[in-house]
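Descriptive structure summary
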Number of protein chains: 2
Amino acid sequence: MNPSLPIACTEHDHNLCVHQALQAADALCSRQGVRLTALRRRVLELIWQSHKPLGAYDILAVLSQEDGRRAAPPTVYRALDFLLGNHLIHRLASLNAFIGCTHPAHAHQSHFLICRVCHTAIEVDSPAISATIHAAAEAVDFRIEGEMVEVVGLCAQCQAATK
Amino acid sequence: MNPSLPIACTEHDHNLCVHQALQAADALCSRQGVRLTALRRRVLELIWQSHKPLGAYDILAVLSQEDGRRAAPPTVYRALDFLLGNHLIHRLASLNAFIGCTHPAHAHQSHFLICRVCHTAIEVDSPAISATIHAAAEAVDFRIEGEMVEVVGLCAQCQAATK
DNA sequence: AAGGATGAGTTATATAATAACGTCCCTCAC
DNA sequence: GTGAGGGACGTTATTATATAACTCATCCTT
């Protein structure tokens, strides 16, 4: 296992990975004084389990199957809104999909490399990207509130596979 | 008029602005050997006239009104696909909207500053942003095919207005 | 126990995009 | 000229994504 690669690109114990994310969410929510209810926790778990961006209606389908004829869109969207608001997940606008945030503890921007083939989304934490974006914004006196960077291309595995 | 500000932020002769965009599109299409049909040209004109991101169904509404009971979604989406494919417009994923490309002659990335209040979208041409994105991608061996940067915030005018 | 706030169920609808098929019309080889 | 092929557009239907509006339940506080 190459430690220089992001987690999304490596073999790992995925159950552990999900477990840790949920524990971190528990801790973060209790610290913030907000409620990570069973439904919200379950939605977050589903998102983490996939490790690839998951659509709202994918989540809806799982919940409906589990509970036998339940779950309408607002149920899922409300949970997603909560998770987004507490920085536990990111929304990928180019895919209309959601993915777990890999470092929810500190507020940060949404920068992703998205593989066109396998749909893996690699969250990158690059202060340099933010710095250049801020410089460009400053040049036209634009006050940044949120950065969205979604880069589409081929991940290392899929490059190798198509050779 | 401050020449350092992008066109979207300044007073200007908007009719001239639209006219020039359409002429550039004519030239570009004839050079490429593709057909800028009346419909495609009209859609491009509507997008340029707004100078702010315009939704597909906004375009559809105008076309339907003009032609008296015509225009279904595919009509508009096909025109948009053509314009996107020939780099005459950009799609803003975070708004589900489209905006004229300010420099269609050379292929380039899609980098925008989008005002949360007035919805003006400023296209920025910053090689520095691309450079940092490429550096981040290289670090994980990701091959970039397209960059999408959409930064939400407050433009200069709206900052001043809310003071 | 009353009352308020938050979370979630339910129904309906809005908004965005595409599938599938048909028709018209242009052009070009013959 | 003519008809074969292809591109552009019309048309109908459907899928996909997201929200509005209202109700009920639960839980916490007092």
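The shown structure was predicted, so the numbers you read here are calculated from the model rather than taken from an experiment.

Parameters at a glance
- Residues numbered from 1 in each chain as written.
- Chains lettered and ligands numbered in written order.
- Predicted model: local features only at pLDDT ≥ 70, side-chain atom pairs only at ≥ 80, totals over all residues.
- Heavy atoms only, no water.
- Near = heavy atom within 4 Å.
- Polar contact = N/O pair within 3.5 Å; in protein donor to acceptor, adjacent residues only side chain to side chain.
- Helix = DSSP H or I, 4+ residues; strand = E, 2+ residues; numbered from the N terminus.
- Nonpolar A, V, L, I, M, F, W, Y, C, P; charged D, E, K, R; others polar.
- UniProt positions renumbered as here; feature names shortened; annotations may be inferred.
- Contact = heavy atoms within 4.5 Å.
- Phe/Tyr/Trp six-rings, centres within 6.5 Å; stacked < 30°, edge-to-face > 60°.
- Buried < 20%, exposed > 50% of the residue type's maximum accessible area, 1.4 Å probe, protein only.
- Axes fitted to C-alpha atoms, helices over the stretch in contact; angles between N-to-C directions.
- Parallel < 35°, antiparallel > 145°, perpendicular 65-115°, else oblique.
- 1 Å grid on protein atoms, 1.4 Å probe; cavity = no way out; pocket = protein on both sides within 12 Å on 5 of 7 lines; lining within 4 Å.
- Points joined across faces, edges and corners; volume = space filled by probe spheres on them.
- Pairing = 2+ DSSP bridges.
- Left-handed = near helix turned anticlockwise from the far one by under 90°.

1. Things to note about the protein's contact with DNA strand C
Within the structure, DNA strand C sits among 15 residues, and A:T37, A:R70, A:R78, B:Y57 and B:R91 are positioned closest to it. B:Y57 places a polar side-chain atom, nitrogen or oxygen, 2.5 Å from a base nitrogen of DNA strand C. B:Y77 places a polar side-chain atom, nitrogen or oxygen, 2.8 Å from a phosphate oxygen of DNA strand C. Sorting the residues of the surface near DNA strand C by element identifies α2 (38-50) and α4 (73-85) of chain A together with α4 (73-85) of chain B as the ones contributing at least two each. Its residues placed into classes, the surface near DNA strand C shows seven nonpolar, three polar and five charged.

2. Examining the UniProt feature "binding site: Zn(2+)" (unreviewed entry) in chain A
Per the UniProt record, "binding site: Zn(2+)" (unreviewed entry) is found at A:C115, A:C118, A:C155 and A:C158. Judged by maximum C-alpha separation, these annotated positions cover 44 residues in sequence but sit close together in space, the widest gap being only 8.1 Å. In this fold, A:C115 is placed in strand β3 (residues 110-115). For A:C115, the contacting residues outside a window of four places in its chain are A:T120, A:G153, A:L154, A:C155, A:C158 and B:F142. Position of A:C155 relative to the elements: it lies in the loop between β5 (143-154) and α6 (156-161).

3. Observations regarding the packing of aromatic side chains
Residue and element names in this part refer to chain B. One pass over the structure, following the stated rule, counts two aromatic pairs over all chains. With a centroid separation of 6.3 Å and 65° between ring planes, the pair formed by Y57 and Y77 is classed as edge-to-face. With a gap of 20 residues between them, Y57 in helix α3 (residues 56-67) and Y77 in helix α4 connect regions that are remote in the sequence. A relative accessible area of 51% means that Y57 is categorised as exposed.

4. Side note on the packing of helix α2 (residues 38-50) of chain B against α4(B)
Residue and element names in this part refer to chain B. In the contact formed by α2 and α4, the axes pass within 9 Å of each other and the chain directions differ by 80°. The angle between α2 and α4 places the two elements in the roughly perpendicular class. Touching L39, R40, V43, L44 and I47 of α2 are T75, A79, L80, F82 and L83, all from α4. Taken together, the residues of the contact of α2 with α4 sort by class into eight nonpolar, one polar and one charged.

5. Remarks on empty space enclosed by the protein
Residue and element names in this part refer to chain A. Summed over all chains, the structure comprises one cavity of 30 Å³ or more. Size it by volume and the largest cavity reaches roughly 30 Å³. Contributing to the lining of the largest cavity are A21, A25, L44, W48, L88, C101 and P104. Of all the secondary-structure elements, those providing two or more residues to the lining of the largest cavity are α1 (14-32) and α2. Classifying every residue of the lining of the largest cavity by side-chain character gives seven nonpolar, no polar and no charged.

6. Observations regarding the sheet that holds strand β3 (residues 110-115) of chain B
The mixed open sheet is built from six strands, whose spatial order is β4(A)-β3(A)-β5(A)-β5(B)-β3(B)-β4(B). The open sheet terminates on both sides in strands that have one partner only, identified here as β4 (121-123) of chain A together with β4 (121-123) of chain B. Recorded for the sheet is a direction-independent mean angle of 20° between the axes of neighbouring strands. Relative to β5(A), β3(A) runs parallel, the two being bridged by six bridges. Paired with A:H111 across the two strands is A:V149, which belongs to β5(A). The strands touched by helix α5 (residues 127-139) of chain A are β3 and β5 of chain A together with β3 and β5 (143-154) of chain B; relative to β5(A), the strand with the most contacts, the crossing angle is about 125°.

7. Here's the deal with the layout of surface pockets
In this structure, the largest pocket occupies an estimated 610 Å³ of space. Along the wall of the largest pocket there are 24 residues; nearest its centre are A:R91, A:S110, A:E147, A:M148 and B:V152. Mapped by element, the contributors of at least two residues to the lining of the largest pocket are α4, β1 (89-92) and β5 of chain A together with β3 and β5 of chain B. Considering each element in turn, the lining of the largest pocket owes the most residues, four residues, to β5(A). When the residues that make up the lining of the largest pocket are grouped by side-chain class, the tally is ten nonpolar, nine polar and five charged. Roughly 500 Å³ of volume is contained in the second largest pocket. The set of elements that each furnish at least two residues to the lining of the second largest pocket consists of β5 of chain A together with β1 (89-92) and β5 of chain B. Looking at which element gives the most residues to the lining of the second largest pocket, the answer is β5(B), with four residues. Per-class residue counts for the lining of the second largest pocket are nine nonpolar, seven polar and four charged.

8. Structural notes on the packing of α2(A) against helix α3 (residues 56-67) of chain A
All names here are of chain A. Contact geometry of α2 with α3 gives a least axis separation of 10 Å together with a crossing angle of 120°. Between α2 and α3, the angle is such that the two are oblique. Our pair here, α2 against α3, has a crossing hand that is right-handed. Contacts from L39, R42, V43, L46 and I47 of α2 reach α3 at I59, V62, L63 and E66. Class assignment for the residues of the contact of α2 with α3 results in seven nonpolar, no polar and two charged.

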